[in-house]
Amino acid sequence: MAKKQIIIVGGGFGGLKVAQTLEKLAGVRDDIEVTLVSRDNFLLFTPFLTETLGGMLDEGDVVSPLRAFLKKTRFVMGEVTTIDIKAKTVTYKRPLNDEMETLQADHLILSLGSTSSFFGQTEIEKLAFTLKSLDDASLLRNHLMAALEQANEEADTTARQALLTVAVVGAGYTGVEAAGAMRDLMKHASRAYPNIRPDEIRVILIDMAEKILPSIDPALANYALRQLQKRGIEIRLGQKIECASECAITLSKGEVIPTRSLLWSAGVMPSPLTKTLECAKDKRGAILVEPTMAIKDLPGVWAMGDCASIPNLLEEGRPYTGTAQNAEREAKRLARNVLAILRGQEPKPFLFRSLGEFIVLGDHVAVAQIKWFKFSGFLAWFLWRTVYLVKIPHWGRKARVVTGWTMDLLFGRASVEAETPRVLRSHFMERRGEG
Ligand SMILES: Cc1cc2nc3c(=O)[nH]c(=O)nc-3n(C[C@H](O)[C@H](O)[C@H](O)COP(=O)(O)OP(=O)(O)OC[C@H]3O[C@@H](n4cnc5c(N)ncnc54)[C@H](O)[C@@H]3O)c2cc1C
């Protein structure tokens, strides 16, 4: 009898956990074959991405090879270009050439993640950095180091200001953490530059909303705001970018900020591949699924994580937010549901209440909301490090992270520009379609 083919697309927090749960629950079954297809052969531990941006951890510290997690699952590295959800086929491009391969699934699980959304503002998209991937973090850190190098030799006042000012758009957790990390990196690194005074470095956090960190308790958000301001991070609320050029941005209230470093963290949208799928989606483009994570009227097709809109029955059907915490829990339920269908049983809805969240503000300060408990300051930062150190997979990786943190404490941050400015320029030329 032919084996049932379960194909998972996307090797992030969700996709990997589905594969691991299937291995655990169906370990002795030899009538199913599980395949995980993903463009990268590693899991990126996103909660530590701002640590990489801030130079506290190296790129290698925050990724783990997917193959190390998988014992029975077949892993296929490739860029998925086409998904036919009616036929349940997945077509991917092999890593080193343009050859295409197609896989046929009995159960197709989509966990494609998300990407930055610029809401159609193409000029900003061409100029801004984002922080979703490892490449994003390295590129931005290298750019900041190149900006310091250039500022050290720059005589023109406006040009200097633009080089030494970082603007972050979006005061959700990524924007807040990134602003703190970049402020710390630039201040520490600037000590090596004789012509740069630390007080010349500006980090400005901008948001259209009237408050920062809308997802957490208002008292903690206020504490975070005060801490950021105390550490010299300038805040502009109730404002958006009106226009942007390579050397400046103009805000909606008319303020012109000279900057050559613009980080966009004001919006996310599901992976672009979801646009091509013939199924119902919400207004962000996320795949609408049943509470079981099955796509309606498409038996055997499932979606989860950041690319899906899953109604939360514990909160009047409002969709679950896109977090690794949710994606991992969704994955466990989804794996159980697939196995239930294969056994002729009913799938169950996904029900989960968030455990809380941590937001790191820099300089050993954080805020944390864990269930009903709230923490702030050094204690919250210490809890954050402890919890995520436990969560980061593999002992080897934990050891690397602890070593990275210790090196940072003893010898300061990694503040060399590891990529050449030529690589940076070619990145932007590519994004502007000039390459
Ligand atoms: C900077 C940052 C910090 C974060 N911090 C936290 C935190 O502290 N706590 C928390 O809970 N969450 C955090 N998150 C959110 C968390 O990372 C996501 O919610 C989570 O990764 C979603 O899991 P997923 O499986 O849906 O998507 P992802 O983990 O993004 O995985 C999607 C996978 O699909 C692959 N893929 C996409 N398209 C294709 C294609 N065409 N072909 C092949 N492969 C493809 C991608 O390469 C990726 O491996 C953070 C996110 C960021 C960006």
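Rules of the game
- Residues numbered from 1 in each chain as written.
- Predicted model: local features only at pLDDT ≥ 70, side-chain atom pairs only at ≥ 80, totals over all residues.
- Heavy atoms only, no water.
- Buried < 20%, exposed > 50% of the residue type's maximum accessible area, 1.4 Å probe, protein only.
- Helix = DSSP H or I, 4+ residues; strand = E, 2+ residues; numbered from the N terminus.
- Right-handed = clockwise from strand over helix to strand, strands pointing away.
- Pairing = 2+ DSSP bridges.
- Expected span 1.5 Å × (residues − 1).
- Contact = heavy atoms within 4.5 Å.
- Axes fitted to C-alpha atoms, helices over the stretch in contact; angles between N-to-C directions.
- Patch = residues over 30% accessible without salt bridge, like charges linked within 9 Å, V, L, I, M, F, W, Y side chains within 5 Å.
- Areas by Shrake-Rupley, 256 points an atom, 1.4 Å probe, with all protein chains shown as cover.
- Salt bridge = Lys/Arg side-chain N within 4 Å of Asp/Glu carboxyl O.
- Domains from an automatic or database assignment.
- Near = heavy atom within 4 Å.
- Polar contact = N/O pair within 3.5 Å; in protein donor to acceptor, adjacent residues only side chain to side chain.
- Nonpolar A, V, L, I, M, F, W, Y, C, P; charged D, E, K, R; others polar.

**A closer look at the pairing of strand β12 (residues 202-207)**
- Counting buried residues along β12, five of its six residues qualify, which places the element largely inside the surrounding structure.
- Taken together, strand β11 (residues 165-169), helix α6 (residues 173-190) and β12 form a β-α-β motif whose crossover is right-handed.
- As defined by bridge partners, β12 adjoins strand β13 (residues 234-237) across four bridges and the pair is classed as parallel. Looking at the pairing, D207 lines up with L237 of β13.

**Focus: helix α1 (residues 13-25)**
- Over its 13 residues, α1 runs 18 Å from end to end, which matches the ideal 18 Å to within 8%, given 1.5 Å per residue.
- The element α1 is extensively covered by neighbouring structure, given that 10 of its 13 residues are classed as buried.
- Restricting attention to buried positions, one finds in α1 the residues F13, G14, G15, L16, K17, V18, A19, T21, L22 and E23.
- Close packing links the buried residues of α1 with β1 (4-9), β2 (32-38), β3 (42-44), β9 (107-110) and α8 (324-342).

**Examining the sheet that holds strand β15 (residues 248-251)**
- Strand order in this open sheet of three strands is β14-β15-β16, and the pairing throughout is antiparallel. Only two strands of the sheet have a single neighbouring strand rather than two, namely β14 (241-244) and β16 (256-258). With direction set aside, neighbouring strand axes in the sheet form an average angle of 20°.
- Bridge analysis of β14 against β15 gives three bridges, and the strand direction is antiparallel.

**Looking at a nonpolar patch on the surface**
- Among the surface-exposed residues, M407, L409, L410 and F411 lie close enough to one another that they form a single nonpolar patch of about 500 Å² accessible area.
- By the secondary structure assignment, L409 is in helix α10 (residues 395-411).
- A relative accessible area of 64% places L409 in the exposed class.

**Points about the domain arrangement of the chain**
- Taken domain by domain, the chain comprises domain 1 (4-39 + 78-116 + 269-342) and domain 2 (122-266 + 416-431).
- Here the C-alpha centre of domain 2 lies 34 Å away from the C-alpha centre of domain 1.

**A closer look at the site of the ligand**
- In the neighbourhood of the ligand, 31 residues make up the surrounding shell, with G14, T46, V80, D306 and A324 lying closest.
- In the environment of the ligand, a nitrogen atom lies 3.3 Å from a nitrogen or oxygen atom belonging to the side chain of E79.
- A distance of 3.1 Å separates an oxygen atom of the ligand from a polar side-chain atom of Y388.
- Class assignment of the residues belonging to the shell around the ligand gives a composition of 11 nonpolar, 16 polar and four charged.
- Counting contributing residues, the shell around the ligand receives three or more from each of domain 1 (4-39 + 78-116 + 269-342) and domain 2 (122-266 + 416-431).

**A few points about the sheet that holds strand β17 (residues 261-264)**
- The strand order β13-β12-β11-β17 describes an open sheet built from four strands, whose pairing is parallel. If you trace the sheet from one side to the other, it starts and ends with β13 and β17, each paired once. Within the sheet, the average angular offset between the axes of one strand and its neighbour, ignoring direction, is 20°.
- As paired strands, β11 and β12 are joined by five bridges and run parallel to one another. Bridge pairing links T165 to R202 in β12.
- Along the sheet face, helix α5 (residues 157-164) touches β11 and β12 and points at about 50° away from the line of β11.

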